[in-house]
Amino acid sequence: MSDFFNDVYEVVMLIPKGRVTSYGAIAKYLGSAQSSRLVGYAMNAAHTHSKKIPAHRVVNRNGVLTGKHHFPSQNYMQLKLEKEGIKVVKDQIVDFKILFWDPVKEISL
DNA sequence: AATGTGACATACC
DNA sequence: TGGTATGCCACAT
């Protein structure tokens, strides 16, 4: 349970449906705000794990679906988000800051 | 053990 | 406004 990746996956799986978060927020929650890249890296390795990681709910700080190229289909990410009620235009989440789910504020107890 | 890597974030030209 | 450069650090090879 001391795996950095495992923590990332756990947080990502805790993201409420219809909400999104950023790599940096997760990194910050894990105590490694400067390791936001590791979060993305974790997502990259997510498929190597057996767990289901809703990586489509994780975007960069701009609310842009930067990692959509890593999904089975480039449309998969946006499609999945829209299916949850999230509007995506030009690969960018609409009202991102409203839909933004900050684990630090939501989980941190 | 050492080097390379990256789905970010920030700073600078 | 946008492309380039650098920091960052755990994982992969």
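Quick caveat, the model's predicted, so the values are computed rather than measured.

A. Fine view of the protein's contact with DNA strand C. The environment of DNA strand C is made up of Phe4, Phe5, Gln34, Ser35, Arg37, Leu38 and Tyr41. Counted by atom, the contact set of DNA strand C within 4 Å of the protein is 52% sugar and phosphate. Ser35 has a polar side-chain atom sitting 3.4 Å from a sugar or linking oxygen of DNA strand C. Between DNA strand C and Arg37 there is a distance of 2.8 Å, counted from a base oxygen to a side-chain nitrogen or oxygen. Among the elements of the structure, α1 (4–13) and α3 (36–46) are those that each provide at least two residues to the surface near DNA strand C. The leading source of residues in the surface near DNA strand C is α3, at three residues. Among the residues making up the surface near DNA strand C, the classes are represented as four nonpolar, two polar and one charged.

B. How the structure looks around the side chain of Asn60. Positionally, Asn60 belongs in the loop between β2 (58–59) and α4 (76–83). Those residues in contact with Asn60 that lie beyond four places of it in its chain are Ser22, Tyr23, Thr66 and Phe96.

C. Structural detail: the protein's contact with DNA strand B. Around DNA strand B lies a shell of 16 residues, among which Met43, Asn44, Asn60, Arg61 and Thr66 are the nearest. For DNA strand B, the fraction of protein-proximal atoms (within 4 Å) that sit in sugar or phosphate groups is 48%. The side chain of Ser36 places a nitrogen or oxygen atom 3.1 Å from a base oxygen of DNA strand B. If you list the elements that add at least two residues to the surface near DNA strand B, you get α2 (23–29) and α3. Here the element with the most residues in the surface near DNA strand B is α3; it accounts for seven residues.

D. Quick look at the nonpolar core. Counting 30 residues, the largest nonpolar core has Tyr9, Val12, Met43, Leu81 and Ile93 as its most contacted members. Elements supplying a minimum of two residues to this core: α1, α2, α3, β2, α4 and α5 (96–99). In this structure, Tyr9 is in contact with Ala42, Met43, Ala45, Ala46, His49 and Ile53, ignoring residues within four places of it in sequence.

E. Structural context of the environment of Pro103. Relative to the helices and strands, Pro103 is located in helix α6 (residues 103–106). Residue classification places Pro103 among the buried residues on the basis of a relative accessible area of 0%. Taking C-alpha positions, Pro103 is 11 Å from Gly24, a pair spaced 79 residues apart along the chain.

F. Geometry of α1. Every buried residue of α1 is accounted for by Phe5, Val8, Tyr9, Val11 and Val12. Buried residues of α1 fall within an arc of 165° about the axis and therefore sit on the same side.

About the criteria used
- Residues numbered from 1 in each chain as written.
- Chains lettered and ligands numbered in written order.
- Predicted model: local features only at pLDDT ≥ 70, side-chain atom pairs only at ≥ 80, totals over all residues.
- Heavy atoms only, no water.
- Near = heavy atom within 4 Å.
- Polar contact = N/O pair within 3.5 Å; in protein donor to acceptor, adjacent residues only side chain to side chain.
- Helix = DSSP H or I, 4+ residues; strand = E, 2+ residues; numbered from the N terminus.
- Nonpolar A, V, L, I, M, F, W, Y, C, P; charged D, E, K, R; others polar.
- Contact = heavy atoms within 4.5 Å.
- Core = buried A, V, L, I, M, F, W, Y, C linked by side-chain atoms within 4.5 Å.
- Buried < 20%, exposed > 50% of the residue type's maximum accessible area, 1.4 Å probe, protein only.
- Arc of directions from axis to C-beta.

Take it as geometry only, folks, not as evidence of what the structure does.
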